[in-house]
Amino acid sequence: MQVVKDSNTAHQLFQDNKLDDALVTGTTTQGLQKDKDLKHVYRAGTYYLRLNLQNNKAFQNQKLRQALYLVLNRKQLANKVLSDGSTAGDTYVAPRLAKDPTTNKDFATEMKPSTTYDLKKGQELWNEGLKELNKKKVTLTLVTDDQTISKNVGQFVQSQVETKLKGAEVDVVSVPAKSASDKVSNGNFDMNYTLWLADFADPVISMYYLRLIHKIMVNMLVSTTTSNWN
């Protein structure tokens, strides 16, 4: 098995018949939309930002969390940055995962919040949140793995946050997956770019996954806090 983290390199190796298939994204895919070998494969999953809610972290403040959600242009991310067939996600449940049996509507569409992007409201909430924390600026650490797609998303989030939210600075830390996992487990992050994939076609799997991850993260962070006191 060969692991190739860079999309351009993977595509080149595929063209040279050195790979059976290659996952491509971003600028690599923009010139391949009419290529006969390009296949869009739907995956019932969601990429999202995990936020650190520890007492000493900025995102313990609800208004800062709400502001982040409202100022990130997910359609721009999907269409301009990823350019791989991804669609903007507004809910934790992936689109096309399941339908509401009582309405026959897509569950993700039915549960979509009434407001998903509102720059003015997001900026207002951000300023209110900073005031509640008695701060004029915050530095946020965004942890990702070191795949090209993750780095691109990290840079996008950094640009969106720093240009739209006054007093916000984002440090993107892109490291191998094991190192990224260690940083998250130890609570050394404010945001973490990650994903989940559904095991079966029922929205309940989303709630199960959220509860499981919450339990794991709480145990990890409690353990980390305890060890720091010893």
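For every chain, the first residue of the written sequence is number 1, and numbering continues from 1 onward in sequence order. Where totals are concerned, whole chains, interfaces and linings use all residues; where local detail is concerned, this predicted model gives features only for residues with pLDDT of at least 70, and gives and counts side-chain atom pairs only at 80 or more. With hydrogens and water stripped out, all remaining heavy atoms of the structure feed into the side-chain values.

1. Brief notes about the overall build of the chain
Step number 1: Only DSSP runs of H or I covering at least 4 residues are called helices, and only runs of E covering at least 2 are called strands; the numbering of each starts at the N terminus. If you tally the helices and strands in the chain, you get nine helices and four strands.
Step number 2: Start at the N end of the chain and walk to the C end: the helices and strands fall as α-α-β-α-α-α-α-β-α-β-α-β-α.
Step number 3: Only protein chains enter the calculation, and the probe is 1.4 Å; a residue is then buried if its accessible area is under 20% of its type maximum, exposed if over 50%, and partly exposed in between. Taken across its 230 residues, the chain has 38% of its residues classed as buried.
Step number 4: Of the contacts formed within the chain by residues at least 6 apart in sequence, a portion of 69% connects residues at least 24 apart. By the convention used here, residues are in contact when the closest approach between their heavy atoms is within 4.5 Å.

2. Brief notes about the packing of aromatic side chains
Step number 1: The pairing test for Phe, Tyr and Trp rings, Trp by its six-membered ring, is centres within 6.5 Å, and the orientation test on the planes gives stacked under 30 degrees, edge-to-face over 60, and tilted for anything in between. Applying the stated rule across the entire model yields one aromatic pair.
Step number 2: Between Y47 and Y193, the aromatic rings sit 5.5 Å apart at their centres with planes inclined by 15°, giving stacked as the arrangement. One end of the pair, Y47, is in strand β1 (residues 45–51); the other, Y193, is in strand β4 (residues 191–197), with 146 residues separating them in the sequence.
Step number 3: Y47 gets classed as partly exposed once you look at its relative accessible area, which sits at 41%.
Step number 4: In this structure Y193 comes out as buried when scored by relative accessible area, which is 11%.

3. Examining the sheet that holds β1
Step number 1: With mixed pairing, four strands are arranged side by side in an open sheet as β1-β4-β2-β3. The open sheet has two free edges, formed respectively by β1 and β3 (168–174), since each of these has just one partner strand. Neighbour to neighbour, the strand axes of the sheet diverge by 30° on average, direction disregarded.
Step number 2: Any two strands between which DSSP finds at least two bridges are classified as paired. Examined bridge by bridge, strand β2 (residues 138–144) and β4 share two bridges and lie parallel to one another. The residue bridging L142 from the neighbouring strand is M191, located in β4. For helices, the fitted axis covers only the stretch in contact; all axes are lines through C-alpha atoms, and the angles between them, taken along N-to-C directions, range from 0 to 180 degrees.

4. Description of the pairing of β2
Step number 1: With five of seven residues buried, β2 is to be regarded as a mostly interior element.
Step number 2: Across seven bridges, the pairing between β2 and β3 is parallel. When the bridges of β3 are listed, T144 appears paired with S174.
Step number 3: Handedness of a crossover is defined as follows: orient the strands so they point away from the viewer, and if the path from the first strand over the helix to the second runs clockwise, the crossover is right-handed. In this fold, β2 hands off to helix α7 (residues 148–164), which returns the chain to β3; that crossover is right-handed.

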